[in-house]
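Structural overview for review
The lines below spell out each chain.
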Amino acid sequence: LRGSIPSELGLLTELTRLSLSNNGLSGPIPDALGQLTNLEYLYLENNNLSGTIPSALCNNSGCALCNNSFGIDIVIDCLQVEECACCSCFF
């Protein structure tokens, strides 16, 4: 897959797992994904994602975002949340 992650995925309120790893996805993670309260696993590793991680995702222990193109702003955003499971590979 190539391109950006569609924000419309945030409408799938019963979604529990989303794996989009190892693709050519780019751009930011849509804030709408943070509204998926039933989401247990979010795998987005090995893409070209950039920008910031929606802070709502930081509470998801099944979140994996390593090997993307996040800059130093990712560290700053994650420091606003005590323990960001998504950001463990950045520290």
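This text goes with the structure placed above it.
A few points on the structure. Remember, it's a predicted structure, so these values are computed and weren't measured experimentally.

Taken as a whole and assessed by the stated rule, the structure comprises 1 aromatic pair. The interplanar angle of 20° and the centroid separation of 5.9 Å between the aromatic rings of Tyr-41 and Tyr-43 together place this pair among those described as stacked. Of the residues examined, Tyr-43 reaches a relative accessible area of 30% and is grouped as partly exposed.

A few words on the environment of Ser-7. One can find Ser-7 in the loop between strand 1 (2-3) and strand 2 (17-19). Residue classification places Ser-7 among the partly exposed residues on the basis of a relative accessible area of 41%. Once the C-alpha coordinates of Ser-7 and Ile-29 are considered, the two residues, 22 residues apart in sequence, prove to be 8.3 Å apart. Setting aside its immediate chain neighbours within four residues, Ser-7 contacts Pro-30 and Ala-32.

Taken in spatial order, the 3 strands line up as 1-3-5 in an open sheet, and their pairing is parallel. The open sheet terminates on both sides in strands that have one partner only, identified here as strand 1 and strand 5 (48-49).

So, about the side chain of Asn-47. Looking at the element boundaries, Asn-47 is found in the loop between strand 4 (41-43) and strand 5. From its side chain, Asn-47 meets the backbone oxygen of Leu-20 in a polar contact 3.0 Å long. A distance of 3.1 Å separates a polar side-chain atom of Asn-47 from the backbone oxygen of Leu-44. Not counting the four nearest positions on each side in its chain, Asn-47 is found in contact with Leu-20, Ser-21, Asn-22, Asn-23, Gly-24, Leu-25, Asn-67 and Asn-68.

Cut-offs applied
- Residue numbering note: each chain is counted from 1, following its sequence as written.
- A pLDDT threshold of at least 70 governs which residues receive local features in this predicted model, and a stricter bar of 80 or more applies before side-chain atom pairs are shown or counted, although totals over entire chains, interfaces and linings include all residues.
- Working from all heavy atoms in the structure, the side-chain values ignore hydrogens and water.
- Stacked, tilted and edge-to-face are the three classes applied to pairs of Phe, Tyr and Trp rings, where Trp contributes its six-membered ring and a pair requires centres within 6.5 Å; stacked means planes under 30 degrees apart, edge-to-face means over 60, and tilted covers the rest.
- Categorising residues by exposure relies on relative accessible area from a 1.4 Å probe, with only protein chains included: less than 20% of the type maximum marks a residue as buried, more than 50% marks it as exposed, and the intermediate range marks it as partly exposed.
- Numbered from the N terminus, helices here are DSSP runs of H or I no shorter than four residues, and strands are runs of E no shorter than two.
- Contacts are residue-level and defined by heavy atoms, with any inter-residue pair within 4.5 Å sufficient.
- A pair of strands is labelled paired if DSSP reports no fewer than 2 bridges between them.
- Counted as a polar contact is a pair of N or O atoms within 3.5 Å, where, for protein atoms, one must be capable of donating a hydrogen and the other of accepting one, and residues adjacent in sequence contribute only when both atoms are in side chains.

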